[in-house]
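One-letter residues, chain by chain:
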Amino acid sequence: MTETISNSAKQDLLTAGDISDGQLETMMSRMMSREIDRGELFFQSRRNESWSLEQGIVKSAGFSVSRGIGARAISGEKSGFAYADDIQLDVLEQTSSAARSIARVGSSHSTNVPVERQFPEFYQGIDPIVSVSKDEKVKLLSRIDKFARSLDPRVKEVSVSINANHESTYIYSSDGTDHGDVRPLVRFGVSVVVEQNGRRENGNAGGGGRHDLSWLYENETAENFAREAVRQALVNLDAVDAPAGPMPVVLGPGWPGVLLHEAVGHGLEGDFNRKGTSTFSNRIGELVASPLCTIVDDATIPNRRGSLTIDDEGTPGQRTVLIENGVLRGYMQDKLNAKLMGVASTGNGRRESYAHQPLPRMTNTFMLAGNSDPEEIVKSVDRGVYAKTFGGGQVDITSGQFVFSATEAYLIENGKITVPVKGATLIGNGPEIMTRVSMVGNDLELDLGVGVCGKEGQGVPVGVGQPTLKIDQITVGGTQA
Amino acid sequence: MTTTLVDVNEDTAQTVHTPDDEAKLSEFVSRILEVAKSGGATAAEVTAGDDIGLDVKMREGDIDTVEFSRDRGFDITVYRGNRRGNASTTDTREESIQEAVDAALAIAEHTEEDSFSGLADPDLLAVNFPDLDLYRCDPMDVEQLKDAAQTAESTALEFDKKIYRSDGARASVSSNCVAYGNSLGFLDAYRSSSSSLYADVIAKSSNGMQRAAWFTMARQRSELDTPECVGTKAAEHAIRKLDPRPISTGEYPVLFDQTVAMGLILHLLNALSGRPQYLRSTYLLDSLEKQVTSSEVSLKEYPFIPGAMGSRAYDSEGVATSEKYIVENGMAKNYLLSSYSGRKLGMQSTGNASGVCNLTVEAQTIPLTDVLKQMDRGLVVTSLMGQGVNILTGDYSRGASGYWMENGEYAHAVDELTVAAKLDDMYKNMIAFGDDVETRRNIRTGSILISNMTVAAL
């Protein structure tokens with residue numbers, strides 16, 4: 001990362017509150033005066049602008065600002081945390097004093113890690129809110145509304161939204177961390193309701209990433225989201241009841257990678273493994289998935305929704321191999337859990353905002369491409385389900401049980417994709433399902449940039465991806481037993 | 001006491017809200033409304049909040065996290081005629097007021113005319129402000145919270161050898177002050193409080209680990225389940241989930257236990273709310289005076305119960321709340337409407353811009369053991385996973401785990417199941433109601449038995 005972006009983020013945040021480097025140091029030394037392993041001050045300012053169209057009218061839009069500091073003092077496994085919605089010296093003082101109250105009698109273990117000054121950046125430090133004028137945003141929403149309606153007379157309702165977010169962060173820690181970051185994030189979404197003979201169905205499409213809004217105007221990006229939403233909704237008009245029970249399932253490429261996020265990803269986050277509460281705890285080096293599976297978490301892909309130049313503890317974003325040819329290789333770590341497990345942070349320490357504590361979280365998590373032709377994969381199934389689009393998923397990391405909900409799916413009969421079936425939830429046990437992956441396609445795709453992952457009440461943007469893959473048996477939750 | 005925990009108590013003890021804070025926050029709202037008016041807004045409304053909280057998490061007998069929180073901010077909506085703009089900020093410094101108002105006004109120059117937009121109808125605004133006794137704030141005391149969490153955790157850990165470890169017990173207190181005002185002259189502020197206790201434990205057997213949690217929340221600690229009760233319930237649930245055994249895919253009666261029955265009722269309320277009605281994106285389109293549930297059920301709101309979690313005299317637009325049926329003997333009686341969705345549907349706001357108030361499921365309840373006897377053989381769902389609820393099509397398909405019942409008694413744990421049906425059938429097939437009603441939550445229901453759903457299993 002260039003010093004410039006890091007510094008400008010730092011200056012922006014500290015100048016507003018009239019806080020000098022010397023005052024930061026004093027604050028930190030006071031926080032460290034009790035028996036604290038590591039003190040950390042997190043400064044953040046975030047601006048968000050969103051526009052939405054409903055029933056043909058750009059009827060509402062909002063602008064929001066949040067700015068504050070989070071102070072954390074760590075002693076062994078304990079954390080003291082306090083935050084305030086103001087970046088001012090006296091507030092900083094109160095906040096850090098509250099945070100250090102966690103201290104216990106003992107010795108101080110403050111350690112400095114070598115601080116890198118130069119590392120690559122994976123997006124530009126731009127403000128996407130101003131990349132397109134308000135007028136242009138309104139025009140774009142109206143254009144896409146009309147375009148979606150023009151695609152098919154059965155389109156009855158169209159909602160379109162644009163969201164642009166600009167975030168500056170600065171992290172100052174007793175371990176020597178002194179880094180800032182500027183993170184753009186945009187998102188565009190279209191959802192439609194179609195109606196035919198009294199039956200109504202919906203379809204949704206959207207995308208985004210860490211870039212500006214000009215991407216919507218290139219290669220009909222915005223129009224393509226509208227096409228996709230309408231296509232999905234029309235398919236569902238013909239959907240029949242989904243089957244119920246265990247059967248082979250073929251998952252399409254891209255967003256269905258939510259499978260990996262749930263079945264594997266969460267279970268490999270450092271906190272659960274440090275506490276021994278994950279079904280993957282103490283299993284490094286073991287075969288936990290089919291040898292066809294290699295799964296990585298990668299914060300370094302340029303401009304992706306889940307990418308991070310530095311994480312929220314100032315550790316550079318990285319690519320971490322989680323599972324290699326089926327063998328468990330590593331966990332995703334933040335500083336707290338890494339230290340307690342005797343390893344290094346993998347740059348996965350993330351927080352929703354200054355008002356939340358960092359946790360080990362995913363960035364962009366996906367499976368690498370395999371060798372199979374996607375068509376051959378479908379051909380190999382006698383009777384099963386082909387799932388193309390998903391809503392979202394959830395996992396219980398302790399039992400390993402996870403679900404994800406298909407919103408566009410088809411029956412496979414005699415090796416051919418036939419009729420569409422209604423949305424249904426798929427359920428399985430993470431480690432078991434991963435051993436039943438029997439074919440992996442050569443068509444890796446990443447999702448288009450819509451994912452929000454929730455953990456302990458904190459939402460963070462993430463990416464997922466995968467090639468087409470076949471699971472020999474998973475339970476499909478339809479109504480046709 | 002040599003730790004600094006004591007210092008913190010001294011620091012924070014004074015920071016819970018006083019009546020004076022209500023007056024200050026009201027005055028703050030008035031000032032913002034003035035700024036909006038002089039900036040050219042033809043109408044405006046402002047909500048401002050000030051929340052203070054303390055949360056202590058214990059894990060394996062020691063403090064895991066102590067968290068102090070202070071959230072302040074305001075949200076302003078301005079109108080230029082029928083054009084609307086909104087801004088919100090956590091930055092409450094004087095100079096930031098103008099910034100936020102300007103941002104909202106700038107947006108209102110670009111949004112389009114919407115003849116249904118605007119403030120609430122003046123004659124619907126609340127004029128009575130009964131004392132709802134919502135502020136019973138416990139002291140922000142780290143030691144007290146620590147003790148409660150520790151007792152809950154140790155009770156769970158000592159409950160049975162099968163309890164493998166704790167994933168933490170958490171005790172919290174929060175003190176909230178909120179003010180709302182609009183350019184029609186409405187201005188009010190009130191304080192509310194909440195206390196909660198939560199325990200999350202893991203049981204283990206040779207067949208693997210299972211997690212379960214128990215949660216209790218009320219206006220004050222004295223109304224909560226005791227720490228011993230929270231620990232015991234979490235431990236009992238975790239142990240009952242151990243050693244799941246397979247069942248066959250098929251059609252079975254399904255009991256939604258009290259904790260998941262709330263969610264079931266929430267889907268129905270969503271389907272009856274204003275936005276999906278005017279967007280024609282609900283399976284319960286145009287359903288007033290039509291049967292939407294079993295005729296044995298009524299859903300009624302009671303907004304004025306003193307000290308209840310869902311009590312309020314007015315909604316987020318200042319519209320007076322009222323005691324009313326949403327569903328009466330199975331018939332839909334009222335949609336849940338804001339001013340905007342009301343106008344879109346040619347109706348008036350029902351005072352539900354911020355949801356329902358103490359929504360109570362009214363039905364003939366019987367002891368839970370009798371409900372289970374009536375079910376005889378079937379599934380008790382204690383936890384649900386995933387998003388598989390489609391309000392538009394009325395399709396329901398979710399991941400589930402719980403217990404298998406034989407002859408009305410616990411037979412064994414089950415997991416990795418899905419339960420699926422049409423929502424419309426599920427509500428019409430609600431055939432029995434347990435007396436295990438949780439009155440401290442905003443949706444007041446006990447366990448609910450549905451006569452038939454598709455259960456898929458491996």
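Please read all numbers here as calculations on a predicted model, not as lab measurements.

### Considerations on the overall build of chain B
Along its length, chain B carries 10 helices and 19 strands. Taken over the C-alpha trace, chain B has a radius of gyration of 24 Å; the compact-globule value for 458 residues is 23 Å, and the two agree within 12%. A principal-axis box enclosing the C-alpha atoms of chain B has dimensions of 70 × 65 × 35 Å. Within the span of chain B, comprising 458 residues, buried residues form 56% of the whole.

### Points about the nonpolar core
Here is a general trend for soluble globular proteins: nonpolar side chains tend to be buried in one another's company. Residues and elements named next belong to chain B. Residues Ile76 and Ala104 are the most contacted members of the largest nonpolar core, which totals 255 residues. Once residues lying within four places of it in the same chain are set aside, the contact partners of isoleucine 76 are Ile32, Ala36, Ala44, Val46, Ala87, Ala100, Val101 and Ala104. Ala120, Tyr314, Val319 and Ala353 belong to the second-largest nonpolar core, a separate cluster that totals seven residues.

### Considerations on the domain arrangement of chain B
Residue and element names in this part refer to chain B. When cut into domains, chain B gives domain 1 (5-235) and domain 2 (250-456). Inter-centroid distance (C-alpha atoms) of domain 1 to domain 2 is 25 Å. Across the boundary between the two partners, domain 1 contributes 22 residues, which contact 19 residues of domain 2. Within the residue set of the side of domain 1 that touches domain 2, elements represented by two or more residues are strand E4 (163-182) and strand E6 (208-218). Of the residues in the side of domain 1 that touches domain 2, the class split is 13 nonpolar, four polar and five charged.

### Quick look at unusual backbone geometry
Phi is positive for asparagine 303 of chain A, close to 65°, though the residue is something other than glycine. Its location among the elements puts asparagine 303 of chain A in the loop between strand E8 (295-298) and strand E9 (319-324). You will see that aspartate 286 of chain B, though not glycine, has its phi angle at about 50°, which is positive. Among the secondary structure elements, aspartate 286 of chain B is positioned in the loop between helix H7 (274-278) and strand E8 (298-301). When the 11 C-beta atoms within 10 Å are taken as the criterion, aspartate 286 of chain B is described as exposed.

### With respect to the domain arrangement of chain A
Think of interface size as the accessible area that goes away when the parts come together; that is how it is often given. Residue and element names in this part refer to chain A. The domain boundaries assigned to chain A delineate domain 1 (3-237) and domain 2 (244-477). A C-alpha centroid distance of 23 Å is found between domain 1 and domain 2. Listed as interface residues are 35 residues of domain 1 and, on the opposing side, 27 residues of domain 2. If you list the elements that add at least two residues to the side of domain 1 that touches domain 2, you get strand E1 (38-54), strand E2 (57-75), strand E3 (78-84), strand E4 (155-173), strand E5 (178-196), strand E6 (199-209) and helix H5 (221-237). Its residues assigned to classes, the side of domain 1 that touches domain 2 comprises 11 nonpolar, 16 polar and eight charged.

### Some points on the packing of helix H2 (residues 21-31) of chain A against helix H3 (residues 89-99) of chain A
All names here are of chain A. Two numbers describe how H2 lies on H3: the axes approach to 9 Å, and their chain directions differ by 20°. Between H2 and H3, the interaxial angle falls into the category roughly parallel. Once H2 is placed against H3, the crossing between them reads as right-handed. Between H2, through Gln23, Met27 and Met31, and H3, the contact on the second element is made entirely by Leu89, Leu92, Glu93, Ser96 and Ala99.

### Here's the deal with the environment of serine 206 of chain B
Residue and element names in this part refer to chain B. For serine 206, the position within the fold is in the loop between strand E5 (187-205) and E6. Taking the C-beta count within 10 Å as the criterion, serine 206 has 6 such neighbours and is therefore assigned exposed. With 125 residues separating them in the primary sequence, serine 206 and glycine 81 have C-alpha atoms 68 Å apart.

### Some words on H2 of chain A
Residues and elements named next belong to chain A. By the burial criterion, the buried members of H2 are Met27, Met28 and Met31. Seen from one end, H2 has its buried residues packed into an arc of 95°, which puts them on one side. Opposite the packed face of H2, turned more than 90 degrees from it, sit the exposed residues Gly22, Glu25 and Ser29. Buried residues belonging to H2 abut E1, E2, H3 and E4.

### Here we look at the interface of chain A and chain B
On the side of chain B, 69 residues touch chain A, which itself brings 69 residues to the contact. Of the residues forming the side of chain A that touches chain B, the biggest block, 12 residues, is contributed by E2 of chain A. Both E2 of chain A and strand E3 (residues 83-89) of chain B contribute to a ladder of four bridges, which runs parallel. When the bridges of E3 of chain B are listed, phenylalanine 63 of chain A appears paired with alanine 87 of chain B.

### Comments concerning the environment of aspartate 382 of chain A
Considering the arrangement of structural elements, one finds aspartate 382 of chain A in the loop between helix H9 (374-379) and strand E14 (383-395). A C-alpha to C-alpha distance of 8.6 Å links aspartate 382 of chain A and proline 248 of chain A, two positions 134 residues apart in sequence.

### A look at the sheet that holds strand E9 (residues 324-328) of chain B
All names here are of chain B. Strands sit in the order E10-E9-E8-E11-E18 across an open sheet of five strands; the sheet is mixed. Only two strands of the sheet have a single partner each, and these edge strands are strand E10 (331-332) and strand E18 (443-444). Across four bridges, E8 lies against strand E11 (residues 359-362) in antiparallel orientation. For glutamate 301, the partnering residue across the bridge sits in E11 and is leucine 359.

### Describing the packing of helix H4 (residues 134-151) of chain A against H5 of chain A
All names here are of chain A. The N-to-C vectors of H4 and H5 enclose an angle of 40°; their axes lie 9 Å apart at closest approach. Accordingly, the angle class assigned to the pair H4 and H5 is oblique. Once H4 is placed against H5, the crossing between them reads as right-handed. Taken together, the residues of H5 that come into contact with H4 (itself represented by Leu140, Ile144, Phe147, Ala148 and Leu151) are Ala222, Glu223, Ala226, Arg227, Ala229 and Val230. When the residues that make up the contact of H4 with H5 are grouped by side-chain class, the tally is nine nonpolar, no polar and two charged.

### Observations concerning the pairing of E9 of chain A
Residues and elements named next belong to chain A. Relative to E9, E8 runs antiparallel, the two sharing four bridges. Bridge pairing in E9 places isoleucine 295 opposite isoleucine 323. With two bridges joining them, E9 and strand E10 (residues 327-328) adopt antiparallel strand pairing. From the neighbouring strand, isoleucine 323 faces E10, where its bridge partner is leucine 328. Where E9 folds back on E10, the antiparallel hairpin that results is connected by two residues, among which asparagine 325 adopts a positive phi of roughly 45°.

### Examining the confidence of the model for chain A
When pLDDT is averaged along chain A, the result is 92, and 96% of the positions lie at 70 or above. Residue range residues 105-111 of chain A is modelled with pLDDT below 50. Its contacts to residues more than four positions away, or to other chains, number 13 contacts.

### Some thoughts on the confidence of the model for chain B
Residues and elements named next belong to chain B. Of the residues in chain B, 97% have a pLDDT of 70 or more, and the chain-wide mean is 94. In this model residues 1-14 is a low-confidence stretch, pLDDT under 50, and it forms 24 contacts with partners more than four residues away in sequence or in other chains. On the interface metric, ipTM, the complex scores 0.91, and its pTM is 0.93.

The rules we used
Residues numbered from 1 in each chain as written. Chains lettered and ligands numbered in written order. Predicted model: local features only at pLDDT ≥ 70, side-chain atom pairs only at ≥ 80, totals over all residues. Helix = DSSP H or I, 4+ residues; strand = E, 2+ residues; numbered from the N terminus. Rg over C-alpha atoms; globule rule 2.2 N^0.38 Å. Buried ≥ 20, exposed ≤ 12 C-beta atoms within 10 Å, placed from the backbone. Core = buried A, V, L, I, M, F, W, Y, C linked by C-beta atoms within 7 Å. Contact = placed C-beta atoms within 7 Å. Domains from an automatic or database assignment. Nonpolar A, V, L, I, M, F, W, Y, C, P; charged D, E, K, R; others polar. Axes fitted to C-alpha atoms, helices over the stretch in contact; angles between N-to-C directions. Parallel < 35°, antiparallel > 145°, perpendicular 65-115°, else oblique. Left-handed = near helix turned anticlockwise from the far one by under 90°. Arc of directions from axis to C-beta. Pairing = 2+ DSSP bridges. pLDDT = per-residue confidence, 0-100.

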